[in-house]
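# Residue-level structure breakdown
As a plain string of letters, each chain reads:
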Amino acid sequence: PKLKSFFAEGVITSAIRELIEDRKTVIYFMTGHKELDKDSNEDGIGIFANLLMKENCELKKIEKFTTFSEIPPDCDVLVIPSAGKKFQESEIETISGYVSKGGRILILLRAMTDTGIEKIAEDLGLKVGNDLVMEGDKSYTQISMGSSGLAMPLPEGQFYVDRFGNHIITEKLA
């Protein structure tokens, strides 16, 4: 097969980082609460994970603290990718303790879903609302429920965005 493209700059940069950095940045993804799966490209989180790996990051998973009673000491960043079910109070306390000791966290919240993680965001000074960002194009009239083929009608005047135009802000989302 003929090579169509090769992103040399990214490959070379990643190789240089691997040579000069003492260790890779370790990023843990939370699982077990119906979060988006870092190994799936269906919801875009897999694309994000691939970009992190290209930046010489090591990605790992934590499942509901069944493997760990606390955040592992090698965790540089904890990612909670859009949890779909409530966390246990002990899990919230563990994550809050990690953050209060200077741990870094990326929380992706799912609209209209109470997980308990919202309290951690609020403790960090973020106001968490139960809001959606909506598209004004009336051609978007229902939310697709992924590969299941189901669709949920949206209330009048609300639209779901699943395709993005060409713009520097959205170029990596497409």
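Reading the values: rules and limits
- Residue numbers here run from 1 along each chain, matching the order of that chain's written sequence.
- Whole-chain, interface and lining totals are the exception, using all residues; otherwise, since this is a predicted model, local features are given only for residues with pLDDT of at least 70 and side-chain atom pairs are given and counted only at 80 or more.
- Think of the side-chain values as coming from all heavy atoms in the structure, minus any hydrogens and water.
- To qualify as a helix, a DSSP run of H or I must reach at least 4 residues; to qualify as a strand, a run of E must reach at least 2; elements of each kind are numbered from the N terminus.
- Partly exposed residues are those whose accessible area sits between 20% and 50% of the maximum for their type, while under 20% is buried and over 50% is exposed, using a 1.4 Å probe and protein chains only.
- Should any heavy atoms of two residues lie within 4.5 Å, those residues are counted as being in contact.
- By definition here, a salt bridge exists when the distance from a side-chain nitrogen of Lys or Arg to a carboxyl oxygen of Asp or Glu is within 4 Å.
- Known as pLDDT, the predictor's per-residue confidence is scaled from 0 to 100.
- For two strands to be treated as a pair, DSSP must find at least two bridges joining them.
- Interaxial angles span 0 to 180 degrees and are taken between N-to-C directions of axes, which are lines fitted to C-alpha atoms, for helices over the stretch in contact.
- In this description, one arc is meant: the one made by directions from the helix axis to the C-beta atoms.

A few words on the overall build of the protein. Helices and strands together make up the secondary structure of the protein, namely four helices and six strands. The order of α-helices and β-strands along the protein, N terminus first, is α-β-α-β-β-α-β-α-β-β. Taken across its 174 residues, the protein has 28% of its residues classed as buried. Long-range contacts, defined here as pairs at least 24 residues apart, represent 61% of the contacts in the protein between residues at least 6 apart.

Our focus in this paragraph is the pattern of salt bridges. Applying the stated criterion across every chain, the model contains seven salt bridges. Asp 37 is the partner of Lys 61 in a salt bridge, and the nearest nitrogen-oxygen pair spans 3.3 Å. In this pair, Lys 61 sits in strand β2 (residues 57-63) while Asp 37 sits in the loop between β1 (25-31) and α2 (45-54), placing the two residues 24 residues apart along the sequence. Its relative accessible area of 37% is what places Lys 61 among the partly exposed residues. For Asp 39, the salt bridge goes to Lys 38, with nearest N and O atoms at 2.9 Å. Judged by its relative accessible area of 54%, Asp 39 falls in the exposed class.

As a further point, take the environment of Phe 87. Within the secondary structure, Phe 87 is located in the loop between β3 (77-81) and α3 (89-100). You can call Phe 87 buried: its relative accessible area is 5%. In this structure the C-alpha to C-alpha distance between Phe 87 and His 33, which are 54 residues apart in sequence, comes to 7.0 Å. Residues in contact with Phe 87, not counting those within four places in the same chain, are Met 30, His 33, Glu 35, Ile 80, Ile 92, Ile 95, Thr 115 and Ile 117.

Moving on to the confidence of the model for the protein. Residues at a pLDDT of 70 or more form 61% of the protein, whose mean pLDDT is 76. Averaged over each element, pLDDT in the protein is lowest for strand β5 (residues 142-144) (50) and highest for β3 (94).

Taking strand neighbours across the sheet as the criterion, the four strands line up as β2-β1-β3-β4 in an open arrangement whose pairing is parallel. Looking at strand neighbours, the two that pair on one side only are β2 and β4 (104-108), the edges of this open sheet. Each strand axis lies, on average, 25° off the axis of its neighbour in the sheet, ignoring direction. When β1 meets β3, the two strands line up parallel, connected through three bridges. The residue of β3 that forms the bridge with Tyr 28 is Leu 78. Set on the sheet, α2 makes contact with β1, β2, β3 and β4; between it and β2 the angle comes to about 135°. Strands β1, β3 and β4 of the sheet are contacted by α3, whose axis makes an angle of about 140° with β3.

Buried residues of α2: Ile 45, Gly 46, Ala 49 and Leu 52, and no others. Along the axis of α2, the buried positions cluster into a sector of 115°, meaning they face one direction only. Buried residues belonging to α2 abut β1, β2, β3 and β4. Backbone geometry just downstream of α2 places Asn 56 in the positive-phi region, at approximately 70°.

This part takes up the environment of Ile 105. Inspection of the secondary structure puts Ile 105 in strand β4. Taking the relative accessible area as the measure of exposure, Ile 105 reaches 21% and is therefore partly exposed. Taking the C-alpha atoms as reference points, Ile 105 and Ala 121, separated by 16 residues in sequence, lie 9.6 Å from one another. Dropping the residues within four chain positions of it, Ile 105 is found in contact with Leu 78, Ile 80, Ile 95, Val 99 and Leu 124.

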